[in-house]
Amino acid sequence: MACAPLLLEQFIYKKRNFAYAFVRHRLFVLCKQSLIRVQSAEGIKRIEISPKSNLKHLYDSVQNALKVDGFGLFKERNFLTELQASGSQLVGSSLRHGDMVYLKQMAGTSSRRTSTTVLDSQPFKTSTVSNPNSARPSFNVVEDDVDQALSKADGTIKRERDSKLCHHNANGRCVHCSSLEPYDESYLKEHNIKHLSFHSYIRKQTSGMDQGKYFVFDDINCRIKPGCREHPPWPKGICSKCQPSAITLNRQTYRHVDNVMFENTKIVERFLNYWRTTGHQRMGYLYGTYEQHTDVPLGIRAKVAAIYEPPQESTRDSINIQPDEFADDVDAVASALGLKKIGWIFTDLITEDASIGTVKQIRGIESHFITAQECITAGELQNRHPNPCKYASNGVFGSKFVTICVTGDKTKQVHMEGYAVSAQCMALVRDNCLIPTKDAPELGYVRESTDKQYVPDVFYKEKDQYGNEVQRLARPLPVEYLLVDVPASTPLQPIYTFTEYDKRQPFPIENRYIDGHLQDFNALSCYLSAWGEEEFLEAISDFHLLVYLYKMDMLPLRQHMGPLLEAVRTKNPNQAAQFKDVDVWKLLESLIQASSGGSGGTTSYPSGGASASAGASGSEAMDLDANTWTCNHCTFINRGELTSCEICSLPR
């Protein structure tokens, strides 16, 4: 008899027993609780909730129980009738005790919620989602102007009527003269277009029966998904839910920028003057705009107007980029001029014969086009300048940031080569999975997993000695699998956004610490003194000069340069002349006049001997102490033979 209660308890509470189910059902009825079954990809989960609770509370319970976000609950298995996360509709009015609902995970950011709290606090706006069943992001993405124009363009390739093959009238169309799609393979091959433009690729993906309803650019992830609670964190545990998938590298068939055009050859010539003077390599950022490229269907061209050289330490075979405290100031000036940072340029030049001006060819198909370190640097810069895209799950995909390498060609002449790295390379660089090799510049190496970082397997395909396509582990990795080439050129008719220098010396370029290339007050005085009053707009239309004036500390020009930058952008001489009446500019002119008068007057950029003789004649005219004199601006004690202060460069 002692075992009778135990047997009765086992009979009642044993799972999947009729008595157990009956007792559990009566218990829920007495407690006025409902049991709702939720079926998802991970299985069935039971949720206990009061029938008087609203559907928003049900969504909260499901989110806490399943640890998911961005989902919807449906009554049918085929996801027809959705239960809206409403704060007014009760659970008991839509569901009964024991009913099953079906959970559907939405791609990207859910149009219904990222959390029930956010949804309840913000009203739902239909303008943010064009189609509630679409996998595209629900938030508004502000694309670049050129992308907005191309998305509205027709994009089809027009063809004229063929007199031999077309047998219809002038208003008719046949297969020989009808318009082609921008991604037509025969047209691209006939015109030697190697890559699809980015918008042609989008048109191709959205040309099916569903009109690209579910097309979306997914972000490539190379890291473990955080927040998994089914096991200890890495390296003690990992599961298929949080483990990133293996990556197979494919050559990217499209490119975001189809051509890079420098407005004129003088932009590159001024950049190369540093290498010609010192023999050291040089790096700079490209500032310009994006515009439509008519030579490629729905193509984009990057037009370069100026090159800014950041602080750097360079030798004959290396460049070390230093932190730039004025980077935000340069971007502010460029933005006011209607420009933006669109790429970077670097040199890899070694002189072969200086008498005839030839250089060595050190890059090519037999060696390498771009090194692994340069590829990683390009990936890092592209990650800093992503491309806004309304088809991306997180609002950005890829980058229009380009890479230009100035090196020697087969004829041993200086030429430019343009590149961009693929979206897969950007993901590998962003997640710190790709590193360069020590001895082979053309090979990269995918990191191996450690206790601190899990790295997924990365593969690439190549043909073996028998012609078979085999898959290999990317250790090491040829970097050409990560590259997309971009042609670089200059137009037949030069374009000048800034001043066209014919005979006058241009204003020195920033961060060049060599004789004759320094940016200081003497260089500013000599440069402006060489221009007449009526040439003020042409004189001031120099990107390097505007950046120097914007970041100058001794005069507060930054707060007053808005009208001047607008005048340069619109090429308005009247507005530029009005800026000359500003008090701070009059003060600068008086300082320049005093500097020119004290040094004997200079009307061109002085050489070392000219400035020394001018300084000597000026110091003899001074009625001050011949040994030292004190600057009235910064109180620095200077040598008697100097005509300007060594610290602030202001005149004596």
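Residues numbered from 1 in each chain as written. Predicted model: local features only at pLDDT ≥ 70, side-chain atom pairs only at ≥ 80, totals over all residues. Heavy atoms only, no water.

Engineer: Looking at this model, I keep getting lost on the packing of aromatic side chains. Mind explaining?
Structural biologist: In this description, an aromatic ring pair is defined by two values, namely the gap between the centres and the angle between the planes. In total, this model carries 19 aromatic pairs according to the counting rule given. A centroid spacing of 5.8 Å and a plane angle of 50° characterise the contact between Phe215 and Tyr391, whose relative ring orientation is tilted. Separated by 176 residues along the polypeptide, Phe215 in the loop between helix 8 (198–205) and strand 7 (247–249) and Tyr391 in the loop between helix 11 (372–384) and strand 17 (402–408) bring together distant segments of the chain. Given a relative accessible area of 13%, Tyr391 falls into the buried group. With centroids separated by 5.6 Å and ring planes inclined at 70°, the aromatic side chains of Phe507 and Tyr527 adopt a geometry described as edge-to-face. Taken together, the residues span a long stretch of sequence, with Phe507 in the loop between strand 25 (488–489) and helix 13 (521–529) and Tyr527 in helix 13 at a distance of 20 residues. For the pair Phe507 and Tyr527, one class covers both residues: buried. Looking at Lys400, its charged tip hangs above the ring of Tyr290, at a distance of 5.7 Å from the centre. When the ring centre of Trp531 is taken as reference, the NZ or CZ atom of Arg504 above it lies at 4.0 Å. (Phe/Tyr/Trp six-rings, centres within 6.5 Å; stacked < 30°, edge-to-face > 60°. Helix = DSSP H or I, 4+ residues; strand = E, 2+ residues; numbered from the N terminus. Buried < 20%, exposed > 50% of the residue type's maximum accessible area, 1.4 Å probe, protein only. Lys NZ or Arg CZ within 6 Å of the ring centre and 35° of its normal.)

Engineer: Could you clarify how one ought to interpret empty space enclosed by the protein in this entry?
Structural biologist: Any space left empty among the atoms is revealed by the rolling of a water-sized probe across them. Inspection of the entire model under this criterion finds one cavity of 30 Å³ or more. Computed from the structure, the largest cavity encloses a volume of approximately 80 Å³. Lining the largest cavity are 15 residues, and of these Gln252, His256, Ser399, Ala420 and Val421 sit closest to its centre. Elements supplying a minimum of two residues to the lining of the largest cavity: strand 8 (254–255), strand 18 (414–421) and helix 12 (423–430). For the lining of the largest cavity, the per-class residue count stands at seven nonpolar, six polar and two charged. (1 Å grid on protein atoms, 1.4 Å probe; cavity = no way out; pocket = protein on both sides within 12 Å on 5 of 7 lines; lining within 4 Å. Points joined across faces, edges and corners; volume = space filled by probe spheres on them. Nonpolar A, V, L, I, M, F, W, Y, C, P; charged D, E, K, R; others polar.)

Engineer: Explain helix 13 to me, please; I cannot follow it from the model alone.
Structural biologist: Residues three or four positions apart in an α-helix share a direction because the helix packs 3.6 residues into each turn. In terms of residue burial, helix 13 counts as a mostly covered element, since seven of its nine residues are buried. All of the buried residues in helix 13 are Phe521, Ala523, Leu524, Ser525, Cys526, Tyr527 and Leu528.

Engineer: Explain the sheet that holds strand 2 (residues 43–49) to me, please; I cannot follow it from the model alone.
Structural biologist: Paired through backbone hydrogen bonds, the strands of a sheet run either parallel or antiparallel to each other. Ordered in space as 2-1-5-3-4, the five strands form an open sheet in which the pairing is mixed. Lying at the two open borders of the sheet, with one neighbouring strand each, are strand 2 and strand 4 (82–83). By the bridge criterion, four bridges tie strand 3 (residues 71–74) to strand 5 (residues 100–105) in an arrangement that is antiparallel. Among the inter-strand pairings, Leu73 is bridged to a residue of strand 5, identified as Leu103. Across the sheet, helix 3 (residues 55–66) lies against strand 1 (34–40), strand 2, strand 3, strand 4 and strand 5, angled at about 130° from strand 2, the strand it touches most. (Pairing = 2+ DSSP bridges. Contact = heavy atoms within 4.5 Å. Axes fitted to C-alpha atoms, helices over the stretch in contact; angles between N-to-C directions.)

Engineer: Explain the nonpolar core here, please?
Structural biologist: Across soluble globular proteins, nonpolar side chains have a tendency to be buried as a group. In this structure, Ile540, Phe543, Leu549 and Leu588 are the most contacted members of the largest nonpolar core, which totals 81 residues. With seven residues, the top contributor of residues to this core is helix 15 (residues 543–550). Each of two domains, domain 2 (248–489) and domain 3 (521–597), supplies a minimum of three residues to this core. Ile307, Ile342, Val402 and Ala420 belong to the second-largest nonpolar core, a separate cluster that totals 27 residues. (Core = buried A, V, L, I, M, F, W, Y, C linked by side-chain atoms within 4.5 Å. Domains from an automatic or database assignment.)

Engineer: Whenever I open this one, unusual backbone geometry confuses me. Can you help?
Structural biologist: With the exception of glycine, most residues fall at negative phi, and the peptide bonds are largely trans. A cis geometry characterises the amide bond from Trp234 onward to Pro235, with omega recorded as 15°. You can see Pro235 is positioned in the loop between helix 8 and strand 7. For the bond running from Arg475 to Pro476, omega is 5°, close enough to zero to count as cis. Among the structural elements, Pro476 can be located in the loop between strand 22 (469–473) and strand 23 (477–478). A positive phi angle, near 60°, is found at Asn432, a position not held by glycine. Note on placement: Asn432 falls in the loop between helix 12 and strand 19 (434–436).

Engineer: When you look at the side chain of Glu374 in this model, what are you seeing that I'm missing?
Structural biologist: Mapped onto the secondary structure, Glu374 falls in helix 11. A polar contact is formed between the side chain of Glu374 and the side chain of Arg363, at a distance of 2.6 Å. From its side chain, Glu374 meets the backbone nitrogen of Thr371 in a polar contact 3.1 Å long. (Polar contact = N/O pair within 3.5 Å; in protein donor to acceptor, adjacent residues only side chain to side chain.)

Engineer: Looking at this structure, how should I read helix 6 (residues 145–152)?
Structural biologist: Within helix 6, burial applies to Val146, Asp147 and Leu150. Within helix 6, the buried residues cover an arc of 100° as seen down the axis, which keeps them to one side. Turned more than 90 degrees off the buried face of helix 6, the exposed positions are Asp145 and Lys152. Where helix 6 is buried, its residues contact helix 8, strand 10 (283–293) and strand 11 (299–308). (Arc of directions from axis to C-beta.)

Engineer: Where do I start with the pairing of strand 5 in this structure?
Structural biologist: Walk down a regular strand and you will see the side chains alternate between the two sheet faces. The sheet contact formed by strand 1 and strand 5 spans three bridges and is parallel. Looking across to strand 5, one finds that Arg37 is bridged to Met100.

Engineer: How should I be thinking about the packing of helix 10 (residues 327–336) against helix 15 in this particular structure?
Structural biologist: Working note: a packed helix pair is described by the angle between its axes plus the distance between those axes. One way to put it is that helix 10 packs onto helix 15 with a least axis distance of 10 Å and a crossing angle of 125°. In this view, helix 10 runs oblique relative to helix 15, as classed from their interaxial angle. When the axes of helix 10 and helix 15 are compared, the crossing they make is right-handed. Residues Asp329, Val330, Ala332, Val333 and Ala334 of helix 10 pack against Phe543, Leu546, Val547 and Tyr550 of helix 15. (Parallel < 35°, antiparallel > 145°, perpendicular 65-115°, else oblique. Left-handed = near helix turned anticlockwise from the far one by under 90°.)

Engineer: I tried to follow the environment of Tyr454 on my own but got confused; where do I start?
Structural biologist: Structurally, Tyr454 can be placed in the loop between strand 20 (443–446) and strand 21 (458–463). Residues Tyr454 and Trp234, spaced 220 residues apart in sequence, show a C-alpha to C-alpha distance of 7.7 Å. Apart from the residues within four sequence positions on either side, Tyr454 is in contact with Cys222, Ile224, Trp234, Ile238, Gln243, Pro244 and Ser449.

Engineer: Honestly, the pairing of strand 1 in this entry has me stumped. Any pointers?
Structural biologist: Within strand 1, five of the seven residues are buried, which leaves it mostly tucked inside the rest of the structure. Pairing of strand 1 with strand 2 involves seven bridges; the strand directions are antiparallel. Bridge pairing links Val38 to Lys45 in strand 2. Counted along the chain from strand 1 to the antiparallel partner strand 2, the turn is two residues long.

Engineer: What am I meant to see in the sheet that holds strand 22 here?
Structural biologist: Taken in spatial order, the three strands make up an open sheet running 7-21-22, and their pairing is mixed. In the strand order of this sheet, the two ends are held by strand 7 and strand 22, each with one partner. Each adjacent strand pair in this sheet contributes to an overall mean axis angle of 35°, direction not counted. Pairing geometry for strand 7 and strand 21, over three bridges, is parallel.

Engineer: Where do I start with the state of the cysteines in this structure?
Structural biologist: By definition, a disulfide links two cysteine residues through a covalent bond between their sulfur atoms. Going through the model one piece at a time under the given rule, you end up with zero disulfides. Among the cysteines around Cys242, which has no disulfide bond, Cys239 carries the closest sulfur, lying 3.6 Å off. Cys242 sits in the buried class, given a relative accessible area of 3%. (Disulfide = S-S within 2.5 Å.)

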